[in-house]
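Report on the structure
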Amino acid sequence: MLNCAYDYSLKWRFEFNPLKSVILGYRTELDLVFNLGDKSVNISTETKHLGILRTVDLSPSTDIQHSCRKGRNAYFAIAGTGSCLLNPLTVCGLYNKIVIPAVLYGCELWNGIKPKDLRCLETFQHFIVKHIQGFPKRTRSDMCESMTNLERLPILVEKRKLMFLYKLCEMKAQSLTKQIFIYRLFQYFGDTSRKQHGFIPDVTNILSKYSLLNFLNSYMFTGCFPTKLQWKNIVNSAINQHEKHRKEERMRSDNDFTRFLRLSENNGYDFIWQYAKYTGRLRTAKHVAKLWSTPPTSGNCNLCGHFVQDTLYHQITMCTELQTQRHLLYKRLSEMTSDNFLYTLLSKSDEYVSCFLLGNHEALLDFLTPEHCLDVLNEGFSYLTYCRL
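The notes below deal with the structure included here. (Residues numbered from 1 in each chain as written. Predicted model: local features only at pLDDT ≥ 70, side-chain atom pairs only at ≥ 80, totals over all residues. Heavy atoms only, no water.)

Observations regarding the packing of helix H15 (residues 323-336) against helix H18 (residues 370-386)
Packed helices, taken two at a time, are described by their axes: the angle between them and the distance between them. One way to put it is that H15 packs onto H18 with a least axis distance of 11 Å and a crossing angle of 170°. The orientation of H15 with respect to H18, classified from their angle, is roughly antiparallel. Along its contact with H15, which presents Gln325, Arg326, Leu329, Arg332, Leu333 and Met336, the element H18 presents His372, Asp375, Val376, Glu379, Gly380, Tyr383 and Tyr386. For the contact of H15 with H18, the per-class residue count stands at six nonpolar, three polar and four charged. (Axes fitted to C-alpha atoms, helices over the stretch in contact; angles between N-to-C directions. Helix = DSSP H or I, 4+ residues; strand = E, 2+ residues; numbered from the N terminus. Parallel < 35°, antiparallel > 145°, perpendicular 65-115°, else oblique. Contact = heavy atoms within 4.5 Å. Nonpolar A, V, L, I, M, F, W, Y, C, P; charged D, E, K, R; others polar.)

Below, the structure written as structure tokens:
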């Protein structure tokens, strides 16, 4: 094969660079000497082909780690341009357009991904979303990803594999790639006694996971597959619905998410950053976002010293050290709305009042005009920021 390539290069008058060519030995160590013309070709255990790292063990682990390092470098190239002054939703837009394509390039060929590889991808994105929003490292990752509307990287990998399946199914029958695909597809379903590896088993497992295997079965019998737009909508609908249910189930089973779910149930997870986008009060929004992501904790209040079940709710509505600022807040709310509104608000529980000042206005919208909603929101957030809660 090397001789054929070398003869072809002589015929068409171009040159190969043996120093940039390698031989990969997939099964055993090679003791042979390979020559390209009169120069030897090195034997290696890994190399890059079309920008994708290929290793002799056929494992994607090394490539995934390399992609995460490349993504981290790309992100900090963006972060170094003053992204701390931008709304996190804006930075996430840049992250989706610049960093994600760099990380997931060639992910369709990441076959046989192990749990440790998935953790590597998730750890990478968890670090990024916390850095974008200025959250501490121990902030719950589900909250951070939800507040920026980012999808988990393993989910994006699955979506890309399913879209790659569409491309294979829609290729012309005369192409060699399509013929290999058809052969491997029928081999996989025809010989179930042998354990197989590669793209076909991976994509079959993904289709089964989201109850989409019937589309592949139909294609094998009829040769018909949905159009690109139809398939994209089918894939997004099935995966997004499954992921949403899984995330909500995970959050509702954990007490750390109790406050976060209550605050976001009527507003949406990205409410705080949408508020910053509308008002331009980014510093205030970052402070309130940290309060949203703080799990309920009991202990002694660091202001008055009393033991309480939830330190944040206590400091917002009950702490005696903040009583003066709280009375000034109630006075301003009464002036901009009405005494009836303030009476209705203060008749609620301390937890309710705290959630109201943190942005959950759903139950009192009948008492507020749209203009008053924003004014009340600004006053509540200013109180939380001024008191340094």
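Let's talk about the packing of helix H6 (residues 153-169) against helix H7 (residues 176-190)
The interhelical angle for the contact between H6 and H7, taken along N-to-C directions, is 110°, at an axis separation of 9 Å. As judged from the angle between their axes, H6 and H7 are roughly perpendicular. Of H7, the residues touching H6 (which contributes Leu165, Leu168 and Cys169) are Thr177, Lys178 and Phe181. The residue inventory of the contact of H6 with H7, partitioned by class, reads four nonpolar, one polar and one charged.

Describing a nonpolar patch on the surface
Residues Tyr8, Trp12, Phe14 and Phe16 make up a contiguous nonpolar surface patch of roughly 450 Å² in combined accessible area. Mapping Tyr8 onto the fold places it in helix H1 (residues 2-11). (Patch = residues over 30% accessible without salt bridge, like charges linked within 9 Å, V, L, I, M, F, W, Y side chains within 5 Å. Areas by Shrake-Rupley, 256 points an atom, 1.4 Å probe, with all protein chains shown as cover. Salt bridge = Lys/Arg side-chain N within 4 Å of Asp/Glu carboxyl O.)

Comments concerning the nonpolar core
Of all hydrophobic cores here, the largest spans 70 residues; its most connected members are Ile272, Trp273 and Leu358. A per-element tally of this core places helix H3 (residues 88-103) first, with seven residues. Every residue in contact with Ile272, bar those within four places of it in the chain, is listed here: Ala285, Val288, Ala289, Trp292 and Phe381. Counting residues in hydrophobic clusters, the runner-up holds 24 residues, among them Ile155, Cys169, Met220 and Ile239. (Core = buried A, V, L, I, M, F, W, Y, C linked by side-chain atoms within 4.5 Å. Buried < 20%, exposed > 50% of the residue type's maximum accessible area, 1.4 Å probe, protein only.)

Structural notes on helix H4 (residues 115-133)
Each turn of an α-helix holds 3.6 residues, which means side chains three or four residues apart point in the same direction. With 19 residues, H4 should cover 27 Å at 1.5 Å per step; its first-to-last C-alpha distance of 27 Å lies within 8% of that length. Regarding H4, the residues found buried are Asp117, Leu121, Phe124, Gln125, His126, Ile128, Val129, Lys130, Ile132 and Gln133. Summarising the contacts, the buried residues of H4 are in contact with helix H2 (61-79), H3, helix H5 (141-147), H6 and helix H12 (271-279). Looking one or two places after H4, you find Gly134, whose phi comes out positive at around 75°. (Expected span 1.5 Å × (residues − 1).)

Remarks on unusual backbone geometry
One non-glycine residue, Arg13, adopts positive backbone phi at about 60°. Exposure remark for Arg13: the relative accessible area of 78% places this residue in the exposed category. Its identity as a non-glycine residue notwithstanding, Asn149 has a phi of 60°, on the positive side. Turning to its location among the elements, Asn149 is positioned in the loop between H5 and H6.

Here's the deal with the side chain of Asn378
Looking at where Asn378 falls in the secondary structure, it is placed in helix H18. According to the relative accessible area criterion, Asn378 is buried, its value standing at 18%. If near-sequence neighbours (up to four positions away) are discounted, Asn378 is found in contact with Tyr275, Thr279 and Arg281.

Considering the sheet that holds strand E3 (residues 39-44)
With mixed pairing, three strands are arranged side by side in an open sheet as E1-E3-E2. The sheet is open, and its two borders are formed by strand E1 (22-24) and strand E2 (34-36), each paired with just one other strand. Strand-to-strand twist in this sheet, taken as the mean axis angle between neighbours without regard to direction, amounts to 45°. With three bridges joining them, E2 and E3 adopt antiparallel strand pairing. Note on E3: the bridge partner recorded for Leu36 is Lys39. (Pairing = 2+ DSSP bridges.)

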